[in-house]
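# Summary of the model geometry
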Number of protein chains: 4
Amino acid sequence: MVTPLRGRDELDLAGLERLIEHILSGGIDGLFILGTTGEGPSLSYSLRRELIERTCRLVRGRVPVLVGITDTAFVESVNLARYAATAGADALVLAPPYYFVEGQPELQDYLDHLAAELPLPLFLYNAPRNTKVQYDPGTLRRAMDQPKIVGLKDSSGNMDYFHQAVGLLKHRPDWSVLIGPEELLAEAVLAGGHGGVPGGANLFPRLYVQLCEAARAGDVPRSQQLHAQVMLISKSLYQIGRHPSAVIKGIKCALACQGICDDFMAEPFHRFRAEERVRVQRYLPELTTGVEKLVGNHHTAPSGRSTPQLGASAQA
Amino acid sequence: MVTPLRGRDELDLAGLERLIEHILSGGIDGLFILGTTGEGPSLSYSLRRELIERTCRLVRGRVPVLVGITDTAFVESVNLARYAATAGADALVLAPPYYFVEGQPELQDYLDHLAAELPLPLFLYNAPRNTKVQYDPGTLRRAMDQPKIVGLKDSSGNMDYFHQAVGLLKHRPDWSVLIGPEELLAEAVLAGGHGGVPGGANLFPRLYVQLCEAARAGDVPRSQQLHAQVMLISKSLYQIGRHPSAVIKGIKCALACQGICDDFMAEPFHRFRAEERVRVQRYLPELTTGVEKLVGNHHTAPSGRSTPQLGASAQA
Amino acid sequence: MVTPLRGRDELDLAGLERLIEHILSGGIDGLFILGTTGEGPSLSYSLRRELIERTCRLVRGRVPVLVGITDTAFVESVNLARYAATAGADALVLAPPYYFVEGQPELQDYLDHLAAELPLPLFLYNAPRNTKVQYDPGTLRRAMDQPKIVGLKDSSGNMDYFHQAVGLLKHRPDWSVLIGPEELLAEAVLAGGHGGVPGGANLFPRLYVQLCEAARAGDVPRSQQLHAQVMLISKSLYQIGRHPSAVIKGIKCALACQGICDDFMAEPFHRFRAEERVRVQRYLPELTTGVEKLVGNHHTAPSGRSTPQLGASAQA
Amino acid sequence: MVTPLRGRDELDLAGLERLIEHILSGGIDGLFILGTTGEGPSLSYSLRRELIERTCRLVRGRVPVLVGITDTAFVESVNLARYAATAGADALVLAPPYYFVEGQPELQDYLDHLAAELPLPLFLYNAPRNTKVQYDPGTLRRAMDQPKIVGLKDSSGNMDYFHQAVGLLKHRPDWSVLIGPEELLAEAVLAGGHGGVPGGANLFPRLYVQLCEAARAGDVPRSQQLHAQVMLISKSLYQIGRHPSAVIKGIKCALACQGICDDFMAEPFHRFRAEERVRVQRYLPELTTGVEKLVGNHHTAPSGRSTPQLGASAQA
């Protein structure tokens, strides 16, 4: 989930409520806040706490809430994890510490020590484009010996890696292995992954939910059709700016155009200017029509089932 | 300066005092805390504040204190900067936000907005191995239009970049251009740089001070001699561990062997085990003898001069 | 296809014949020589010419022969292409020049100029791990305006890129879009790709042919089953050495263990020593049994159909 | 030395003669052909042989001629080396094979095997931006046990690496350690290196020769002055194009503007168009005046001394 903001250190509260309802109406099975798309590392700690508290309150247990606690400072990750547990969150998500370049044995020790302090189940978040360091397959295997660690979100973009993670499921059949980049969601689920955490589900939650369902059912033509729509979104809406921030800016701008929430961005980023916004507005009608043709536009009540495999489907 | 720790969230207070006196006795011209060697990003915010407050108190104005405020969250950088100003620090040091990969125009806007909020002069800290993003020469040039920005510490290891920064001094003759890696200190000062911020000055402050002085005086044979000793340290003491953390671990372990401070490391790192410590102990006598032959072992009172070019010489 | 060698500049002629018959017996639809797995860039020009001539003669038109002409020297690529045409090859394969780092406009001009000189249809070979430079999607789009360019082999490992290439097929429905890494073959074909060029097809050609067929038929359970076997091969046989050369060394060593051809490697590589060979011999029986259980061990006559989409299935 | 061309596979013979005389008139101590600036890997083998033969004939033993034999094919490197020896060249220059990513042990074996076949002394050429792989310090140390290997040209841009190479000279005091990038020439020689191989010496040979001499003499102010002029050239003339090829294009275009040789480039590059040429012409007068003020414009006869340390000063 993106983080709706009104200012540098202020949530867009009305937008947050509308956004949560919009996403849940798509039938998603879990909500991930304070991740990359959520600009987590760019937010002050007090804002992160407020977001956790309000999100849990607004979701009211309809779906599990997963909270990103990735940090360069161990103590701050623990602090945030404890806050999340008290606020009623369901699980935590953790990428490697991202200032230093730690070796895998160092990362393994870090995971052991951190997991010991955590009050909630933990998903690993593999995001080497942001963190430089990845969880190597050997580190994943070792993390499976920690009962508190329950799954992986892989945003590496490296499907060979993802297949290795799926191959490790025989050691922990209860793990959830989720894919980050939505461009890879179809193949990830067709290959035995449990679901994904697509940023685009902020906008079109039903599209990604139905893609997951089609792929899980082994329906290749339907998967291809929905996947083609995802690629259309990715190669238009996400490529308006010149920098890697274009993806988040595009999603936030589209949400603002749809009246769902403000498109204010945390530093070091800034919302699209008029010129880029015009391009977003030009793409949106066609994309929306395309999505509705494929998945309908009626709202779906969230399934609300609370499986042991947290987040086993599309999450925003 | 390394951060002497006794535990995951606890300073080694006696060690901190001994370390500061040890470094200042070498004649250094400034003290930089909460940088990379100081494990800044790995420390909790309360510990960072405590370190700032105690360091300023212990230094008692004998040399300028520079405080690292690098953060992924704009608001937290500002908070820390304000705390540092109140505690009596002299300047701030800032690397680019290091989770996202921001474009240079985004980085320029960020610098403009942040500088406007800062209560103290600011040094830019170019550290692309940790932050992925660098301050491009064009961004340096633009930063020179901000009176509040007063210098650069370049840890890129790219001397072509450093020369470009020196070349820009004509636009801001009051800037200090400092080098990070101590292996490049001699040539950086010979090329017109003002000094360096060598991690090794935690151990052998006089060595780096005298290297700066020799290079500033254009004394090539003396510079080569001192530089050769720096390379000896770098290729022995800093290469004991297998991971990039070996440099900080080596320095902290050597300081512990010398009875100066504890070698506890903040997560995700851990102090050297017995095996590596033995290797440090084997190197230390020879390195110490080598340094003393070159620079003597008598203590020097810090010069204490407060030039407008903060940190214009070796800093730890 | 790997290049069977007996010495630094000498083909293993008997091995070449056995290898070709072995691969063709698996039902593959095309044979790619002088690629990465074929150690093309490591071979002398006279050896490359001899390999082309002998391969074309031994294949006798049963399947199309595709010849790698990647080179840093334009003139040598043209020379080799002309030789291949005379020898009876069917198509050419070209990665970007790989010493300099050319920009995309430079690469586009290069493609235009080279295609104009070529006597045979050309496949682009995207292999940025070896060439540093990739064919950007915009360069692919532009290459589609060249009738002589007929397809793409993508070895980037980046499935988002592959999906973009598939998305471009609307501009040239006659193109073949093939995947390089065999770990990605299943999803590539499920996503609308035409086939792959798996190195493992030197050993187990039927496995990859049947995987392509299952994926093309949208048979997800069968695809997953065959894909799991491919992953087993990849994570055992290809990971014996410490260097990236381990993949080719593993394949050649396994072929030698099976009595198909010599495992001599061109410089800068060398065949596995006894220690690694023992590990290959330990893996082989289980892998062979696994493959035979899935795809049988009877030989299949090559289909021999000569479609306009050269190489539209698994190629070695 | 750049390679003067008139067409895709044709030398500019008159230009070659003028260029050699121009460079030699600057007092350089050796001539390096078929390197990166010489577009070696982009030239056909017959052209490379012709260039070797003609250059040796035109130089007439006035300075040593060094010939690049870097290749992905071992056999072709040997062939070219033998040709160079017969033509009268003095030494060979070799970067690692650059298609595959070889490990250091593989590279060490390769060096051992290749050196055994070479008829002339060999310089190692460290150029990881082009070859991906570098000669690690341990590999350099091991190469020093080969009497036939006599030196290093380091184009990595990493001065820490260069200092390590200088530090290894105690094992082979007869080695020459040369720097590639001209932006680092001053500090390389001040640090104990023997000289450089600056591309700019095609244009202004005396500038680089005098910079070497000043640095060797420990004359820091003079070194800084000449270095500043090198930086002016680097940050104007070499930054006109958008791609990394801009350096070679800039040098060749400037040579053409001065009537020395044609600026035809081998594929995949092309000479500057009118627009960029105008910018070169705008920079040239000021750069030339600056250089002449510093080093005079009278020609110097090459020193012609034939030391055992081949290329112990600036080479083009």
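The rules we used
- Residues numbered from 1 in each chain as written.
- Chains lettered and ligands numbered in written order.
- Predicted model: local features only at pLDDT ≥ 70, side-chain atom pairs only at ≥ 80, totals over all residues.
- Heavy atoms only, no water.
- Contact = heavy atoms within 4.5 Å.
- Buried area = accessible area lost by both parts, 1.4 Å probe.
- Salt bridge = Lys/Arg side-chain N within 4 Å of Asp/Glu carboxyl O.
- Polar contact = N/O pair within 3.5 Å; in protein donor to acceptor, adjacent residues only side chain to side chain.
- Helix = DSSP H or I, 4+ residues; strand = E, 2+ residues; numbered from the N terminus.
- Buried < 20%, exposed > 50% of the residue type's maximum accessible area, 1.4 Å probe, protein only.
- Phe/Tyr/Trp six-rings, centres within 6.5 Å; stacked < 30°, edge-to-face > 60°.
- Lys NZ or Arg CZ within 6 Å of the ring centre and 35° of its normal.
- Least-squares fit on C-alpha atoms with pLDDT ≥ 70 in both.
- Pairing = 2+ DSSP bridges.

### Regarding the interface of chain B and chain A
Taken together, the contacts link 44 residues of chain B with 44 residues of chain A. Together, the buried faces of chain B and chain A total about 3,800 Å²; carbon and sulfur atoms form 63% of this surface. When the buried area of chain B at its contact with chain A is split by residue, Y99, F100 and E106 of chain B rank highest and sum to 20% of it. Between chain B and chain A we count four salt bridges in total. Residues E117 of chain B and R8 of chain A are paired through a salt bridge, measuring 3.6 Å at the closest nitrogen-oxygen approach. On inspection of chain B and its partner chain A, the count reaches 20 residue pairs in polar contact (both at pLDDT 80 or more).

### Here's the deal with the environment of I23 of chain A
All names here are of chain A. Mapped onto the elements, I23 comes out in helix α1 (residues 13–24). For I23, a relative accessible area of 0% gives the class buried. Separated by 44 residues in the primary sequence, I23 and V67 place their C-alpha atoms 16 Å from one another.

### Thoughts on the packing of aromatic side chains
Under the definition given, this model contains 24 aromatic pairs over all chains. Between Y99 of chain A and F100 of chain A, the aromatic rings sit 5.2 Å apart at their centres with planes inclined by 90 degrees, giving edge-to-face as the arrangement. With a relative accessible area of 8%, F100 of chain A lands in the buried category. These aromatic residues form a ring-pair network of at least three members: Y98, Y99, F100 and F269 of chain A together with Y98, Y99, F100 and F269 of chain B. Over the face of the ring belonging to Y45 of chain B we find R48 of chain B, whose NZ or CZ atom lies 4.2 Å from the ring centre.

### Brief notes about the relation of the copies chain B and chain D
When chain B is brought onto chain D, the operation consists of a screw motion whose angular component is 180 degrees and whose axial shift is 0.0 Å, with 0.0 Å RMSD remaining. The operation mapping one copy onto its partner corresponds to a two-fold rotation axis. When C-alpha positions in chain B are compared against the rotation axis, the closest is assigned to E187 of chain B, at 2.8 Å. A share of 100% of the interface residues of chain B reappears at the interface of chain D, consistent with the copies meeting face to face through the same patch.

### Overview of the pattern of salt bridges
Taken as a whole and assessed by the stated rule, the structure comprises 69 salt bridges over all chains. The closest approach of N and O atoms between D71 of chain A and R48 of chain A, which form a salt bridge, is 3.7 Å. One end of the pair, D71 of chain A, is in the loop between β4 (65–68) and α3 (74–87); the other, R48 of chain A, is in helix α2 (residues 45–59), and 23 residues separate them in sequence. Like R48 of chain A, D71 of chain A is buried. Here E276 of chain A ties to R273 of chain A by a salt bridge, and the two come within 2.8 Å at their closest N and O atoms. The network of salt bridges with common partners includes R8 and E267 of chain A together with R82 and E117 of chain B.

### Observations concerning the relation of the copies chain B and chain A
Turning one copy of the chain about an axis and sliding it along that axis gives the other copy, so a rotation and a shift relate them. Between chain B and chain A, which share one sequence, the superposing operator has a rotation angle of 180 degrees and an axial displacement of 0.0 Å; the RMSD is 0.0 Å. Of the interface residues in chain B, 100% have counterparts in chain A that sit at the interface too, so the contact is made through matching surfaces.

### Comments concerning the sheet that holds strand β4 (residues 65–68) of chain D
All names here are of chain D. Strands sit in the order β3-β4-β5-β6-β7-β8-β9 across an open sheet of seven strands; the sheet is parallel. The open sheet has two free edges, formed respectively by β3 (31–33) and β9 (195–196), since each of these has just one partner strand. With three bridges connecting them, strand β5 (residues 91–94) and strand β6 (residues 122–126) associate as parallel partners. Bridge pairing links V93 to F123 in β6.

### Some remarks on the arrangement of the chains
The closest approach of any C-alpha atom in chain B to one in chain C is 17 Å; the two make no contact. At their nearest point, the C-alpha atoms of chain A and chain D are still 17 Å apart, with no contact between the two.

### Focus: the interface of chain B and chain D
Taken together, the contact between chain B and chain D spans 18 residues of the former and 18 residues of the latter. Summing both partners gives a buried area of about 1,400 Å² for chain B against chain D, and 55% of it is carried by carbon and sulfur. Contact with chain D buries area across many residues of chain B, yet H163, E187 and L190 of chain B alone supply 31% of it, more than any other trio. In this assembly, chain B and chain D are joined by two salt bridges. A salt bridge links D160 of chain D to K235 of chain B, with the shortest nitrogen-to-oxygen separation between them at 3.1 Å. One can count eight residue pairs in polar contact (both at pLDDT 80 or more) joining chain B with chain D. Looking at the side of chain B that touches chain D, the elements with two or more residues in it are α7 (159–167), α8 (185–190) and α10 (220–236) of chain B. Ranked by residue count, the leading element in the side of chain B that touches chain D is α10 of chain B, at five residues.

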